[in-house]
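What follows is each chain in one-letter form.
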Amino acid sequence: MTTAVVVGNPKPQSRTLSAATYLATQLGGAEPDLVVDLATLGTAILDWSDSHVADLVEQVGAADLVVFASPTYKAAYTGLLKLFLDRFAGGTGLSGIAIPLMLGGSPAHSLAPELALRPVLTEIGGTVPGRGLYVVDSRHDDPEAYAEWLAATAPVVSRLLEARP
């Protein structure tokens, strides 16, 4: 099984990265095999001919489990994550399980993962089990902030992973 994390926070090594890595580890049982901190790609993310970014898209697309994470910006995910997601083919770009994770300053945007990120992940072929996860930024390092979601969703993820060829 291959797990990956894709983080669209414009700040490298962000709390969003920490949260996504924690979630991927909890769901996959080990540290992720691939971590894509989009902020570290610089202008390469804008160059559709960049082979390194194309390779990352291919690896993420083939992963069994991918956590896609973003801070909440204006009730949606970041443009940085959008630039990366635009590279995936519709319907077939992702072959595995996709987990939408968003962090924000208050519970006011708690529907953002469902309304903004989930539809894109399903459009490019990801299987999104359960609901998207929203974590208040100040609790990004509190395991209790993830506990209820993990209790409901981790068993579904496990069954889906076991059923993969």
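Refer to the structure printed above.
Rules of the game
Residues numbered from 1 in each chain as written. Predicted model: local features only at pLDDT ≥ 70, side-chain atom pairs only at ≥ 80, totals over all residues. Heavy atoms only, no water. Helix = DSSP H or I, 4+ residues; strand = E, 2+ residues; numbered from the N terminus. Buried < 20%, exposed > 50% of the residue type's maximum accessible area, 1.4 Å probe, protein only. Contact = heavy atoms within 4.5 Å. Lys, Arg positive; Asp, Glu negative; His and termini not counted. Charge placed at Lys NZ, Arg CZ, Asp CG, Glu CD. Salt bridge = Lys/Arg side-chain N within 4 Å of Asp/Glu carboxyl O.

(A) Fine view of the overall build of the chain. Of regular secondary structure, the chain possesses five helices and five strands. Seen in sequence order, the chain has helices and strands lined up from the N terminus as β-α-β-α-β-α-β-α-β-α. Taken along its principal axes, the extent of the C-alpha atoms in the chain is 40 × 40 × 25 Å. Out of the 165 residues belonging to the chain, those deemed buried represent 49%. The contacts in the chain between residues at least 6 apart in sequence include a share of 77% that link residues at least 24 apart. Distance from the positive charge centre (10 side chains) to the negative charge centre (17 side chains) of the chain: 7 Å.

(B) Geometry of the pattern of salt bridges. For the structure on display, the rule yields five salt bridges. Between Asp64 and Arg164 there is a salt bridge; the shortest N-O distance is 2.8 Å. Of the two residues, Asp64 sits in the loop between helix H2 (51-62) and strand E3 (65-71) while Arg164 sits in the segment after helix H5 (144-163), which places them 100 residues apart along the sequence. By relative accessible area, which is 16% here, Asp64 ends up buried.

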